There are 2 protein chains.
Amino acid sequence: MSVSPPRPKGPPLNALRAFEAAARLGGFAQASEELCVTPGAISQHIKTLEDWTGTPLFQRKAHGVVLTEDGQRLLPHFTQAFDALGNATRALRATMALPTITIAALPSIAQLWLSPRMPALRAAMPEVRFTILAMETPPNLSRELIDISLFMRPTSDDENQHILCEDHIFPVCTSEVAKQIVKPVDLLDHTLIHDESWSDDWDLWLKKYGPDVFNTQTEARYSLYSLALDDARAGAGVLMGHAALVNRDLEKGILVRPLEGFIQTDQPLIMETSPLKNAPKEVSDCAHYLMNDHRIGNE
Amino acid sequence: MSVSPPRPKGPPLNALRAFEAAARLGGFAQASEELCVTPGAISQHIKTLEDWTGTPLFQRKAHGVVLTEDGQRLLPHFTQAFDALGNATRALRATMALPTITIAALPSIAQLWLSPRMPALRAAMPEVRFTILAMETPPNLSRELIDISLFMRPTSDDENQHILCEDHIFPVCTSEVAKQIVKPVDLLDHTLIHDESWSDDWDLWLKKYGPDVFNTQTEARYSLYSLALDDARAGAGVLMGHAALVNRDLEKGILVRPLEGFIQTDQPLIMETSPLKNAPKEVSDCAHYLMNDHRIGNE
DNA sequence: GAACTGAGTTTAGAAAAACTAAGGCTAGAT
DNA sequence: ATCTAGCCTTAGTTTTTCTAAACTCAGTTC
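All values derive from a computational prediction rather than experimental measurement.

(A) Molecular detail of the packing of aromatic side chains. All names here are of chain B. With the rule as written, the count across this model stands at six aromatic pairs over all chains. Aromatic side chains Phe19 and Phe78 sit 5.7 Å apart centroid to centroid with 80° between the ring planes, which places their arrangement in the edge-to-face category. Highlighted residues: Phe19 in helix H1 (residues 13-25) and Phe78 in helix H4 (residues 69-93), separated in sequence by 59 residues. Here the two residues Phe19 and Phe78 agree in accessibility, since each one is buried.

(B) Broad picture of the relation of the copies chain B and chain A. Rotating chain B by 179° and moving it 0.1 Å along the rotation axis overlays it on chain A with an RMSD of 0.2 Å. Such a combination of rotation and displacement between the chain copies is what one expects of a two-fold axis. Within chain B, Ala81(B) has its C-alpha nearest the rotation axis, a separation of 2.7 Å. When you check the interface residues of chain B against chain A, 100% turn up at the interface there too, and the contact is symmetric in its surfaces.

(C) Local environment of the protein's contact with DNA strand D. In the vicinity of DNA strand D, 20 residues are found, and the nearest of them are Thr38(A), His45(A), Ala62(A), Phe28(B) and Arg60(B). One of the backbone nitrogen or oxygen atoms of Thr38(A) is found 2.6 Å away from a phosphate oxygen of DNA strand D. Of all the elements in the fold, those that place two or more residues in the surface near DNA strand D are helix H3 (39-53) of chain A together with helix H2 (28-34), helix H3 (39-53) and strand S2 (64-67) of chain B. Residue composition of the surface near DNA strand D, by class: nine nonpolar, nine polar and two charged.

(D) Local environment of the domain arrangement of chain A. Per the domain assignment, the segments of chain A are domain 1 (13-80), domain 2 (100-164 + 268-291) and domain 3 (168-264). Placing the centre of domain 1 of chain A and that of domain 3 of chain A at their C-alpha centroids yields a distance of 43 Å.

(E) Representation of the protein's contact with DNA strand C. The environment of DNA strand C is made up of 22 residues, and the closest members are Phe28(A), Ser43(A), Arg60(A), Thr38(B) and His45(B). A breakdown of the atoms of DNA strand C within 4 Å of the protein gives sugar and phosphate a share of 66%. In the model, a phosphate oxygen of DNA strand C is placed 2.6 Å from a nitrogen or oxygen of the Thr38(B) main chain. Between DNA strand C and His45(B), the relevant distance is 2.6 Å, taken from a phosphate oxygen to a side-chain nitrogen or oxygen of the residue. Those elements giving two or more residues to the surface near DNA strand C turn out to be helix H2 (28-34), H3 and strand S2 (64-67) of chain A together with H3 of chain B.

(F) Region of interest: the sheet that holds strand S5 (residues 148-152) of chain B. Residue and element names in this part refer to chain B. Taken together, the five strands give an open sheet; going across it, the order is S4-S3-S5-S12-S6, and neighbouring strands pair in mixed fashion. The sheet is open, and its two borders are formed by strand S4 (129-134) and strand S6 (161-165), each paired with just one other strand. Here the strands of the sheet are splayed against their neighbours by 20° on average, with no regard to which way each runs. Here S5 pairs with strand S12 (residues 269-273) via five bridges, running antiparallel. For Ser149, the partnering residue across the bridge sits in S12 and is Glu272.

(G) The arrangement of helix H8 (residues 225-233) of chain B in detail. All names here are of chain B. Where H8 is concerned, the buried positions are Tyr225, Ser226, Ala228, Leu229 and Ala232. Projected onto a plane normal to the axis of H8, the buried residues spread over an arc of 155° and lie on a single side. On its buried face, H8 is in contact with helix H5 (107-124), strand S8 (192-195), strand S9 (219-222), strand S10 (238-242) and helix H9 (243-252).

(H) Here's a closer look at the UniProt feature "domain: HTH lysR-type" (unreviewed entry) in chain A. Taken from the UniProt record, the annotation "domain: HTH lysR-type" (unreviewed entry) applies to residues 11-68 of chain A. Counted over residues 11-68 of chain A, helix gives 60% and strand 14%. Its end C-alpha atoms are 19 Å apart.

(I) Focus on helix H7 (residues 201-209) of chain B. Residue and element names in this part refer to chain B. Within the sequence span of H7, burial applies to Asp201, Trp202, Trp205 and Leu206. Down the axis of H7, the sector holding all buried residues measures 110°, keeping them to one side. Opposite the packed face of H7, turned more than 90 degrees from it, sit the exposed residues Asp203, Lys207 and Lys208. Those residues of H7 that are buried are in contact with strand S7 (168-172), S8, S10 and strand S11 (263-264).

(J) Spatial organisation of the interface of chain B and chain A. Contacts between the two partners involve 54 residues from chain B and, on the opposite side, 54 residues from chain A. Seen at the junction of chain B and chain A, the total is zero salt bridges. For the interface between chain B and chain A, the tally reads two residue pairs in polar contact (both at pLDDT 80 or more). Contributing elements (two or more residues each) for the side of chain B that touches chain A: H1, H3, H4, H5 and S4 of chain B. Take the side of chain B that touches chain A: its biggest share by element is 14 residues, from H4(B).

(K) Expanded view of the pairing of S2(A). All names here are of chain A. Only one face of S2 is covered, namely the one carrying Val65 and Leu67; the face carrying Gly64 and Val66 has none of its residues buried. Examined bridge by bridge, strand S1 (residues 58-61) and S2 share four bridges and lie antiparallel to one another. If you follow Gln59 over to S2, its bridge partner there is Val66. Hairpin geometry of S1 and S2 is characterised by an intervening segment of two residues between the two adjacent antiparallel strands.

So, how was this worked out
- Residues numbered from 1 in each chain as written.
- Chains lettered and ligands numbered in written order.
- Predicted model: local features only at pLDDT ≥ 70, side-chain atom pairs only at ≥ 80, totals over all residues.
- Heavy atoms only, no water.
- Phe/Tyr/Trp six-rings, centres within 6.5 Å; stacked < 30°, edge-to-face > 60°.
- Helix = DSSP H or I, 4+ residues; strand = E, 2+ residues; numbered from the N terminus.
- Buried < 20%, exposed > 50% of the residue type's maximum accessible area, 1.4 Å probe, protein only.
- Least-squares fit on C-alpha atoms with pLDDT ≥ 70 in both.
- Contact = heavy atoms within 4.5 Å.
- Near = heavy atom within 4 Å.
- Polar contact = N/O pair within 3.5 Å; in protein donor to acceptor, adjacent residues only side chain to side chain.
- Nonpolar A, V, L, I, M, F, W, Y, C, P; charged D, E, K, R; others polar.
- Domains from an automatic or database assignment.
- Pairing = 2+ DSSP bridges.
- Axes fitted to C-alpha atoms, helices over the stretch in contact; angles between N-to-C directions.
- Arc of directions from axis to C-beta.
- UniProt positions renumbered as here; feature names shortened; annotations may be inferred.
- Salt bridge = Lys/Arg side-chain N within 4 Å of Asp/Glu carboxyl O.

Below is the structure:
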């Protein structure tokens, strides 16, 4: 009779969290991003878990992993548990002395859409400490300690998501450059400025408005939209502008629209708020503020 | 404008678990026992958490800690979350190749009540691996990976708890010793064997049946009931017997009851089963087996 | 068909977290 | 007045976790 093997220890909590993230997101790489660690760390966590049970949780394929049946059955349990834990942690954070609101956004949105609105927001909510995070992919608001996110992405029926404005794209450039452009074909003579994160923009627009034949021509590529914008402001060429991001420049006259046509993409600017039922009042206040699209006074 | 402080990390999961345990159990010492660490470790976890939020979670008194208001508000959130996590972990364990059932019991119960029943149980469920854990205090079945617990303790209205048998106590000794004992006063001439974990037993019994005057006399104390029992079997004196634990010896004639009177304590032998809704079938099978009080054949 | 790519794995070593042990403090109990 | 239970603190150690970098493998691309 086996007596007192020192008490059965459960698997490490961090390994469980890694499993949940990897299973939910469908890959170690994605999970590693959400948890801010390297993929190797995730791999090791999963292995710990698989060694603990003796049953494989993932099936390793050359291009990613897929959940085994066991893994699929387990996932909802863990997702529910970590959702609950996320809410509890959020409640814990809410006890902090000075209320903090964390907003995550695409770098371009942070800089070109949010930044101009911040002064008014801060003025309206002086007791709140704001933190802005620039990131490429929308965070999971029920897990990370982020209250509001601003991203261009496909619509969903999530009740926590609100469309702030549709995404209209159209060519923009300085008025100098615009003088030389009266019809689409004229674009052939100019540098088309591309941004890596929206690499399809020009294709989309040209498909509808562009000249029938359109061979590759001079183009510039940037990894940050705001760099591309700077270049356009400097008269280096024609940029495909996103309404929400270039409106300020258009209003100020720094940039103009050389041609009329615009396209509405299927990825509007969406604001998502964290799903906590009893969210601190500050968060919903802030969300309303942004929805109502306040601007700084002197603009 | 503050941009990209490397992503707000939540507090360590282990610290959250420590808080939950300490808050639920009402002390660091208790929590440290449940989590199998030293109280110092708990203390540090709590401090980590308190530093993270900036608000105190516990109020330190000289004789223990009490939850602050914030702590009280937070506790249910975390309890719920960790309950869910416990269930998920249990589900994970259920995927293990060969089903395992872990039974926790008071050392004396494990040895004197459970052990004789194990051969039949193993025979009835040959595909299951059983693990018996001896421990002093009932474990939290919704947290630890233990399926069934067997303890003498006060009744509760928990639906997962079942009374296996009432706890009757009465003096027992060898038939040799019994010859010299015909009425309670005769006990004065013999060693009264005590067990540390039930130190009140003799007092209780003597209060009802004992001689009016009863000065302290020879007595032996043991920290393990089975050691006390061994001593009684060897004719060293009179032990206060618990029905569930000495029945075998009575049946076999190794021990006898020199006097008639017995007392029913308010701490029956209770079996508790883990609360998982979809508990593996093996666990409920095992529980039913124990409830029906099977014995080994040749007894 | 050779090189490339994306996703995961594996190691060793480094960094961080968690734990223990031992000494201190304080208020209620003896 | 002393004892004791329960928690705190600190230093040092052990354990866990993470990273970096090289490796594997199977589709893709040229």
